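Structural overview for review
In case you want the letters, here they are:
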Amino acid sequence: MIKNPTQYDAVIIGAGPAGYSSAIRCAQLGLKTACIDNWQNKNGQRVLGGTHLNSGCVASVTLLESAKLYHALTHQAGKHGIHANHMTVDIPQMIQHKDDVIDALGVKIAEVFAHHQIDSIHASGKLLNAKQIEITPVDGSAPSVLEAKHIILATGSTPIKLPYAKVDNEFIIDCFAALNMHNLPKSLAIIGAGVNGLELAAIWSRLGAETILLEAQENFLSLPDQQISQEAYRIFSEQGLDMRLGARVISAKRNRNKVDVDYQDHDGAHTLKVDRLIVATGRKPNTENLVAAEANLLLDENGYIHVDEHCRTNLPGVYAIGDLNLLGPMLAHKGIEEGIYVAEQIAGQSSFINYDTLPSVIYTEPEIAWVGQTEQALKTMDIPIKVGVFPLNATARAQAIGQTEGMIKIIAHAENDALLGVHIIGAHASELIAEAVLAMEFSASSEDLARTIHAHPTLSEGFHEAALALKKISVHVPL
Ligand code: NAD
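All values derive from a computational prediction rather than experimental measurement.

What follows deals with the site of the ligand. Lining the immediate environment of the ligand, one finds 23 residues, of which Tyr164, Asn196, Glu199, Glu215 and Val361 sit closest. Between the ligand and the protein, one listed contact pairs an oxygen atom with a backbone N or O atom of Asn196 at 2.8 Å. Between the ligand and Leu214, the relevant distance is 3.5 Å, taken from a nitrogen atom to a main-chain nitrogen or oxygen of the residue. Across the complex, the protein chains shield 81% of the 850 Å² of accessible surface that the ligand would expose by itself. For the shell around the ligand, the secondary-structure elements that each account for two or more residues are α5 (195-206), β9 (210-215) and β11 (248-255). In terms of residue count, α5 provides more of the shell around the ligand than any other element does, 3 residues in total. Among the residues forming the shell around the ligand, the class breakdown is 13 nonpolar, 6 polar and 4 charged. Taken domain by domain, the makeup of the shell around the ligand includes at least three residues from each of domain 1 (5-158 + 284-355) and domain 2 (172-281).

Rendered as structure tokens:
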């Protein structure tokens, strides 16, 4: 409950990863803090954690683990001498398990909030000016105004709606509904083979849905290093994913119990008939209804909030973090770091964020992860480089766990040997990339990695080997 609204040093709007991290750090630093959030789960209950926890990456990664388990039991257990007969999939139970994981994590955030005496307000917040926020409680009670010395906007992002593929969340569904399907569709199309589309495809195709990705761009996955993207395309194709590139969807409509999807590619116009269609065509910042016009907060034409390199908006004492600004990609861990960074600035500490060592992860199977620059970008910048690539199938551990697909690629400066980029496709890439992030954060060279002893047999040996490959002295592959 709000005791004295005028007392707050910091008020955060949004309790996703950026917002809750910021609130916790503000409170740790002795600031009187409130966090406003309007999320309710499908049972109408309040849950902290925002989109990322409730309908984004955490939900997606949890379902993918279930799908991987099923796939391993049905496709891989046999060669271990384990015969799992009469396997069935109970999708509602799988969804329930995902919800239980989310609920448990939401409760943990609430416990940390309570421990730090953060006032957690279940309401929609609207910035009125640099010092005031209007709050409209979710329970329908009367709006009121909060005052704060510092305001941190952290309302995240929301899926972009397409006028030609209207989401009804029954047949044409958004990414949130795609993580809550209670029946396995026989056929599934996804508009967009971006990060979201591929992650959802990894789940539902593994459970048995015949999955087609329709991607307008000619290039597959333009963000990662292209060698990794090509390898991903090859692996996912072999797994049975039907990825149609240069395929622009122009219309999608429900037709009885199916969806008709019209798209165009080089060969002309086509129509697909599928059981369900997922729209995964990107996200936009959640700034609608966040700011009163008279607040004069600067936004760009796409709704992103203008900030300087310290996440400061044009209004003194007002910050925008996470998906709301354009300081980096829409990633939860980027938001978390910005949340902490802003709290420390407010408390008068000197703080720092290094966007150059921000890792990116795509939670497919195998996973894709990278940090730093791609080979293509470095060549465009005329930076002299040397490259070492190590195939993960040459590590004993990859063979032991039966996940031999993928590679680790290290790019270093040709003259001073500084690490410039590390790119992975393979099992546990999301965990493996942490070593590369740390190495780059500490300005390591490829020689440093090559001289670092890695445990054997592990997947992380791939780093050691890729660094050796860069000097053409790999141990476990022929020179
Ligand atoms: P995206 O922009 O990565 O991909 C959307 C794709 O849809 C694009 O490739 C685009 O060409 C395609 N597209 C758009 N209109 C189309 C049409 N009519 N027909 C065919 N294709 C069409 O968007 P996303 O995957 O929704 O992700 C949004 C943001 O959220 C990104 O910043 C992403 O990094 C982030 N995200 C991150 C994670 C993670 O960290 N693992 C997971 C999900 C999302």
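There's plenty left to go through after this.
This next bit is on the packing of helix α3 (residues 57-76) against α5. Relative orientation of the contacting elements α3 and α5 amounts to 30°, with a least axis distance of 8 Å. When the axis of α3 is compared with that of α5, the two are roughly parallel. Crossing handedness for the pair α3 and α5: left-handed. Taken together, the residues of α5 that come into contact with α3 (itself represented by Cys57, Ser60, Leu63, Leu64, Ala67, Lys68, Tyr70 and His71) are Glu199, Ala202, Ile203 and Arg206.

Further remarks concern α5. With 12 residues, α5 ought to run about 16 Å at 1.5 Å a step, and its terminal C-alpha atoms sit 17 Å apart, in line with that. The element α5 is extensively covered by neighbouring structure, given that 9 of its 12 residues are classed as buried. If you check which residues of α5 are buried, you get Gly197, Leu198, Glu199, Leu200, Ala201, Ala202, Ile203, Trp204 and Arg206. In the segment just after α5, Gly208 is the residue with positive phi, at about 120°.

Moving on: the sheet that holds strand β13 (residues 268-274). Read across the open sheet, the 3 strands follow the order β11-β12-β13; overall the sheet is antiparallel. Two strands lie at the open edges of the sheet, namely β11 and β13, each paired on one side alone. In this sheet, neighbouring strand axes are inclined to one another by 20° on average, regardless of whether the strands run parallel or antiparallel. The sheet contact formed by strand β12 (residues 258-265) and β13 spans 7 bridges and is antiparallel. Directly across from Val261, in β13, lies its bridge partner Leu272.

This brings us to the environment of Ser187. Within the fold, Ser187 resides in strand β8 (residues 187-191). In the structure, Ser187 is positioned 24 residues away from Thr211 in sequence and 6.1 Å away in space, judged by C-alpha atoms. Beyond its immediate stretch of four places on either side in the chain, Ser187 contacts Glu210, Lys273, Val274, Asp275 and Arg276. Polar side-chain contacts of Ser187 include one of 3.0 Å to the backbone nitrogen of Asp275.

Here we take up the packing of aromatic side chains. Evaluated as defined, the whole model comprises 2 aromatic pairs. Residues Trp39 and Phe176 carry aromatic rings whose centres are separated by 6.1 Å and whose planes lie at 65° to one another, so their mutual orientation is edge-to-face. Placement of the pair is Trp39 in the loop between β2 (33-37) and α2 (50-55) and Phe176 in the loop between β7 (172-173) and β8, with a sequence separation of 137 residues. Overall, the relative accessible area of 19% leaves Trp39 in the buried class. By relative accessible area, which is 36% here, Phe176 ends up partly exposed. Ring plane angle 70° and centroid distance 5.2 Å describe the contact between Phe220 and Tyr233, whose orientation is recorded as edge-to-face. Remark: Tyr233 occurs in helix α6 (residues 226-238) and Phe220 occurs in the loop between β9 and α6; sequence separation between them is 13 residues. Of note, Arg276 hangs over the ring of Phe171, and the distance from its end group to the ring centre comes to 4.5 Å.

In this section: the sheet that holds strand β18 (residues 367-372). Spatial strand order, β17-β18-β21-β20-β19: 5 strands in an open sheet with antiparallel pairing. Here the strands that pair on one side only, and so sit at the sheet edges, are β17 (360-362) and β19 (385-391). Strand-to-strand, the axes of this sheet are offset by a mean angle of 10°, without reference to chain direction. Lying over the sheet, α6 contacts β18, β19, β20 (407-413) and β21 (419-426), oriented at roughly 0° with respect to β21. Relative to β18, helix α10 (residues 429-441) is tilted by about 10°, and along the sheet it contacts β17, β18 and β21.

Conventions adopted
- Residues numbered from 1 in each chain as written.
- Predicted model: local features only at pLDDT ≥ 70, side-chain atom pairs only at ≥ 80, totals over all residues.
- Heavy atoms only, no water.
- Near = heavy atom within 4 Å.
- Polar contact = N/O pair within 3.5 Å; in protein donor to acceptor, adjacent residues only side chain to side chain.
- Areas by Shrake-Rupley, 256 points an atom, 1.4 Å probe, with all protein chains shown as cover.
- Helix = DSSP H or I, 4+ residues; strand = E, 2+ residues; numbered from the N terminus.
- Nonpolar A, V, L, I, M, F, W, Y, C, P; charged D, E, K, R; others polar.
- Domains from an automatic or database assignment.
- Axes fitted to C-alpha atoms, helices over the stretch in contact; angles between N-to-C directions.
- Parallel < 35°, antiparallel > 145°, perpendicular 65-115°, else oblique.
- Left-handed = near helix turned anticlockwise from the far one by under 90°.
- Contact = heavy atoms within 4.5 Å.
- Expected span 1.5 Å × (residues − 1).
- Buried < 20%, exposed > 50% of the residue type's maximum accessible area, 1.4 Å probe, protein only.
- Pairing = 2+ DSSP bridges.
- Phe/Tyr/Trp six-rings, centres within 6.5 Å; stacked < 30°, edge-to-face > 60°.
- Lys NZ or Arg CZ within 6 Å of the ring centre and 35° of its normal.

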